[in-house]
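Residue-level structure breakdown
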Amino acid sequence: MLQLSQDLKPDRQIAIALGGGGARGLAHIVAIEALDELGVRPSQIIGTSMGAIIGAAYAAGVPGAALRTHALAALKDRTKVLARLLEARVGKMSDLFVRGLGNPVLVDGEKVLDLFWPEAVPDLFADLAIPFSAVAADYYARCEAVFDRGSLVTGVAASMAIPGLVRPVLANGRVYVDGGIVNPLPFDLLPDDALVIAVDVTGGPASEGTEAPEPFEALLGAAQIMQGAIVEQKLRARRPAVLVRPRVGGFHALDFFRGKAILQAAEPIREELKRAIAAALAGEVSAAR
């Protein structure tokens, strides 16, 4: 197991950005386990959508191994998961006939988080062990919004409010939806003087296919294409010190019941990330000398 030598202990702060990607975001757990194995504790964490869900739990002090155990246990029983989602549902069948725009499967993001988050996650941003921010999209202002104070569940629910699946969040007199719409990998919001690590789970190109996707699959797939394009454009302007991309492109955004397979597919980034961090820190040590 690779561990940082005393010479490579960072002199500057390390910050981590965890991107959005639905169920593919479970791959963030492997990255967190790698940081734990190196003995690296980030000074700041920022996340979008699924990255915000995982990032908040990590910022609460829940280690990677415990996150893995909790996630797999929470998603193990399909019947129980679906029952919990029904508890969080805010839509009704009659909504289908209200202006033709209702959605009977819409869920309340705050209720979903209360049902699935580890108990160690606090109510307030201020009570986290590590400073954390969640990125959402201000629906009417058409811009990104960063939550870093007040109610943690409200901020993360805003970040994960996928249109058509999760109800938009009303907070501070504004309406917020999923942060992946504006900033799916928010490494650019971390301090310039930090060593920035970014974990991109947008998925990349999928396997070749010739069949037209189902309407709902096409909607989520189109969002994935958009998010990937945003990330690539951002990388042209600025690159993080370390960027890892778990090989999870073969999974769909809602493949939460394939958690074990997603974690297995992401496993190669464990050593990749540790080597990349060691190399980045070695470069800094050499430059300092």
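Heads up: these notes are all about the structure in this document. This one's a predicted model, so the numbers in the text were calculated from it and none came from an experiment.

Basis of the calculations
Residues numbered from 1 in each chain as written. Predicted model: local features only at pLDDT ≥ 70, side-chain atom pairs only at ≥ 80, totals over all residues. Heavy atoms only, no water. Buried < 20%, exposed > 50% of the residue type's maximum accessible area, 1.4 Å probe, protein only. Helix = DSSP H or I, 4+ residues; strand = E, 2+ residues; numbered from the N terminus. Pairing = 2+ DSSP bridges. Axes fitted to C-alpha atoms, helices over the stretch in contact; angles between N-to-C directions. Parallel < 35°, antiparallel > 145°, perpendicular 65-115°, else oblique. Left-handed = near helix turned anticlockwise from the far one by under 90°. Contact = heavy atoms within 4.5 Å. Nonpolar A, V, L, I, M, F, W, Y, C, P; charged D, E, K, R; others polar. Arc of directions from axis to C-beta.

1. Notes on the pairing of strand S2 (residues 44-48)
- Burial analysis of S2 places four of its five residues in the buried class, the great majority of the element.
- Judged from the four bridges that link them, strand S1 (residues 14-18) and S2 form a sheet pairing that is parallel. Bridging across to S2, Ala17 finds its partner in Ile46.

2. A few points about the packing of helix H5 (residues 109-116) against helix H6 (residues 152-159)
- Two numbers describe how H5 lies on H6: the axes approach to 8 Å, and their chain directions differ by 115°. Judged by the angle between their axes, H5 and H6 are roughly perpendicular. Crossing handedness for the pair H5 and H6: right-handed. Of H6, the residues touching H5 (which contributes Gly109, Glu110, Leu113 and Asp114) are Val153, Thr154, Val156 and Ala157.
- Class assignment for the residues of the contact of H5 with H6 results in four nonpolar, two polar and two charged.

3. Here we look at helix H3 (residues 64-74)
- Every buried residue belonging to H3 is among Gly64, Leu67, Ala71 and Ala74, and all of these are buried. Seen from one end, H3 has its buried residues packed into an arc of 95°, which puts them on one side. Turned more than 90 degrees away from the buried face of H3, the exposed residues are Thr69 and Ala73.
- Of the surrounding elements, those touching the buried residues of H3 are helix H1 (28-38), helix H2 (50-59), helix H4 (78-87) and H5.

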